[in-house]
Amino acid sequence: MSEKPRFLIVSADVLPEVILKVLEAKRLLSKAQAKNSSEACRMVGISRSAYYKYKDNVQLYEERDNSQLGTLYLKLSDEPGVLSRVLKKLYDNGANILTVNQNIPVDAVAIVTISIRVNRDEVSMEEILRNLSEIDGVVSVKRI
């Protein structure tokens with residue numbers, strides 16, 4: 001019987017430097033700033049063996065107390081530019097767009113779902129819904 005994994009939250013200040021370098025190498029790879037693990041290891045100054053020893057067991061803990069996830073369900077008129085205006089308005093409201101799914105229009109209306117992350121301190125979901133509903137071509141919008 002295997003033991004259940006244990007997780008800790010530890011200040012980065014007390015971790016060995018190699019752990020922080022592994023995290024940096026993982027970031028370089030995820031953002032395609034390094035072509036492969038060998039290059040990422042070279043860039044941060046660690047051995048590949050150290051990277052592979054820790055890579056699957058260390059992740060950054062990103063505190064997102066002030067962020068909120070939401071999925072929006074929109075009915076949009078089948079007209080050029082409507083979805084673009086919706087995405088622009090979300091950008092203007094500081095939303096980070098995570099997913100967009102648009103169905104083929106039926107009866108001149110397309111169903112679109114958009115998953116977003118917003119900073120609660122900057123804008124509320126209710127405000128975003130209000131702003132989107134004012135766009136020409138948005139038939140309806142609601143949060144699901």
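Position labels on residues start from 1 in each chain and follow its written sequence. Totals for whole chains, interfaces and linings use all residues, but because this is a predicted model, local features are given only for residues with pLDDT of at least 70 and pairs of side-chain atoms are given and counted only at 80 or more. Heavy atoms from the whole structure form the basis of all side-chain values; hydrogens and water molecules are not counted.

Q: It is not clear to me how the nonpolar core should be interpreted in this structure. Could you clarify?
A: Side chains of nonpolar character tend, in soluble globular proteins, to be buried together. Here, nonpolar core means buried Ala, Val, Leu, Ile, Met, Phe, Trp, Tyr and Cys residues that are tied together by side-chain atoms lying within 4.5 Å of each other. Burial classes: relative accessible area under 20% of the type maximum marks a residue as buried, over 50% as exposed, and values in between as partly exposed (1.4 Å probe, protein chains only). In this structure, Leu72, Leu74, Val86, Leu90, Ile116, Ile128 and Leu132 are the most contacted members of the largest nonpolar core, which totals 19 residues. The secondary structure listing takes helices from DSSP runs of H or I that are at least 4 residues long and strands from runs of E that are at least 2 residues long, numbered from the N terminus. At the level of elements, strand 1 (67–77), helix 4 (82–92), strand 3 (109–119), helix 5 (125–133) and strand 4 (138–143) are the ones that each hand at least two residues to this core. We call two residues in contact whenever any of their non-hydrogen atoms come within 4.5 Å of each other. Beyond its immediate sequence surroundings of up to four residues, Leu132 is in contact with Leu72, Leu74, Val86, Lys89, Leu90, Val138 and Val141. Grouped together as the second largest cluster of nonpolar side chains are 12 residues, Leu23, Ala25, Ala34 and Val58 included.

Q: Honestly, the pattern of salt bridges in this entry has me stumped. Any pointers?
A: Close approach of charged atoms allows side chains with opposite charge to pair. A side-chain nitrogen of Lys or Arg and a carboxyl oxygen of Asp or Glu constitute a salt bridge if their distance falls within 4 Å. The tally for this structure, following the rule as stated, stands at four salt bridges. The salt bridge involving Lys88 is made with Asp92; its shortest N-O contact spans 2.9 Å. Taken together, the residues Lys88 and Asp92, both in helix 4 and four residues apart, mark about one turn of the helix. For Lys88, a relative accessible area of 48% corresponds to the partly exposed category. Take Asp92: its relative accessible area is 45%, and that puts it in the partly exposed class.

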